[in-house]
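Take a look at the letters that make up each chain.
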Amino acid sequence: MAAVVPQDECESLAGRPIVSAMALDGSEPIAGARRTARSFMTEVQAVHGIPVSDRAMCMVELVVSELVTNAYKYAPGPCLVDLEVRDGVVEISVWDTDGQLPSVSPADPGRIGQHGLEIAMAVCRSFEVRREPVGKRVKVTIGLADDPGGHPAGRLA
């Protein structure tokens, strides 16, 4: 009897997203999450031949750092970080156990800290937060190519 190969396994790998996932228990240094994100983006470029601008490389590290910091600070237990490259963007998704949705603090030039969410929203093309059956998920996208106008999010429109 011939083996049946599902149709999606016959598709070219060229059109499929490139993904990476990391599970963190809350005790790892945040620098490890940044290194893993940088390694993934370096691999996207070196192995898969997808150009990644220096700006995108830095923004991915920054956003992973900020989102994981928030997860460690406000959510007890583990968090999951997923990175997916497709259609000229990298999507960063961070799940944690706290169901409370984050909010941006009011502007206060004297405030020290608590700017992570503002930073992520400023440098990302899209920003989404949603409750999950357990906890919440923050999902952002960053353009891989530089914006000719110099926008930090890599908006090319």
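Located above this text is the structure these notes cover.
Residues numbered from 1 in each chain as written. Predicted model: local features only at pLDDT ≥ 70, side-chain atom pairs only at ≥ 80, totals over all residues. Heavy atoms only, no water.

Chemist: Describe the overall build of the protein chain, with residues and values.
Modeler: Tallying secondary structure elements over the protein chain gives 4 helices and 5 strands in all. The helix and strand sequence of the protein chain, counted from the amino end, reads α-β-α-α-β-β-α-β-β. Buried residues in the protein chain amount to 37% of all 157 residues. Of the roughly 9000 Å² of accessible surface on the protein chain, 57% is carried by carbon and sulfur atoms. (Helix = DSSP H or I, 4+ residues; strand = E, 2+ residues; numbered from the N terminus. Buried < 20%, exposed > 50% of the residue type's maximum accessible area, 1.4 Å probe, protein only. Areas by Shrake-Rupley, 256 points an atom, 1.4 Å probe, with all protein chains shown as cover.)

Chemist: An account of the packing of helix α2 (residues 30-46) against helix α3 (residues 54-74) is requested, with residue identities and associated values reported.
Modeler: Between α2 and α3, whose axes approach to 9 Å, the crossing angle comes to 145°. The interaxial crossing formed by α2 with α3 has right-handed handedness. Facing Ile30, Ala33, Arg34, Ala37, Arg38, Met41 and Thr42 of α2, the residues of α3 in contact are Met57, Val60, Glu61, Val64, Ser65, Val68, Thr69 and Tyr72. When the residues that make up the contact of α2 with α3 are grouped by side-chain class, the tally is 9 nonpolar, 3 polar and 3 charged. (Axes fitted to C-alpha atoms, helices over the stretch in contact; angles between N-to-C directions. Left-handed = near helix turned anticlockwise from the far one by under 90°. Contact = heavy atoms within 4.5 Å. Nonpolar A, V, L, I, M, F, W, Y, C, P; charged D, E, K, R; others polar.)

Chemist: Tell me what's going on with the pairing of strand β5 (residues 136-143), and back it up with residues and numbers.
Modeler: With 8 of 8 residues buried, β5 is to be regarded as a mostly interior element. With burial as the criterion, each face of β5 is covered, one bearing Lys136, Val138, Val140 and Ile142 and the other bearing Arg137, Lys139, Thr141 and Gly143. The sheet contact formed by strand β3 (residues 89-96) and β5 spans 8 bridges and is antiparallel. Directly across from Ser93, in β5, lies its bridge partner Lys139. Two elements, strand β4 (residues 126-131) and β5, share 6 bridges in a ladder whose sense is antiparallel. Its bridge partner being in β5, Arg131 is matched across the sheet by Lys136. (Pairing = 2+ DSSP bridges.)

Chemist: Can you tell me about unusual backbone geometry, naming the residues and giving the values?
Modeler: Non-glycine residue Asp87 carries a positive phi angle of around 50°. Topologically, Asp87 is positioned in the loop between β2 (79-86) and β3. A relative accessible area of 75% means that Asp87 is categorised as exposed.

Chemist: Run through the pattern of salt bridges, naming residues and quoting values.
Modeler: Per the counting criterion, the structure on display carries 9 salt bridges. Across the salt bridge formed by Glu91 and Arg86, the nearest N and O atoms sit 2.9 Å from each other. Look at Arg86 and you get partly exposed, because its relative accessible area is 29%. A cluster of three or more residues bridged by salt bridges with shared partners is formed by Asp82, Glu128, Arg130, Glu132 and Arg137. (Salt bridge = Lys/Arg side-chain N within 4 Å of Asp/Glu carboxyl O.)

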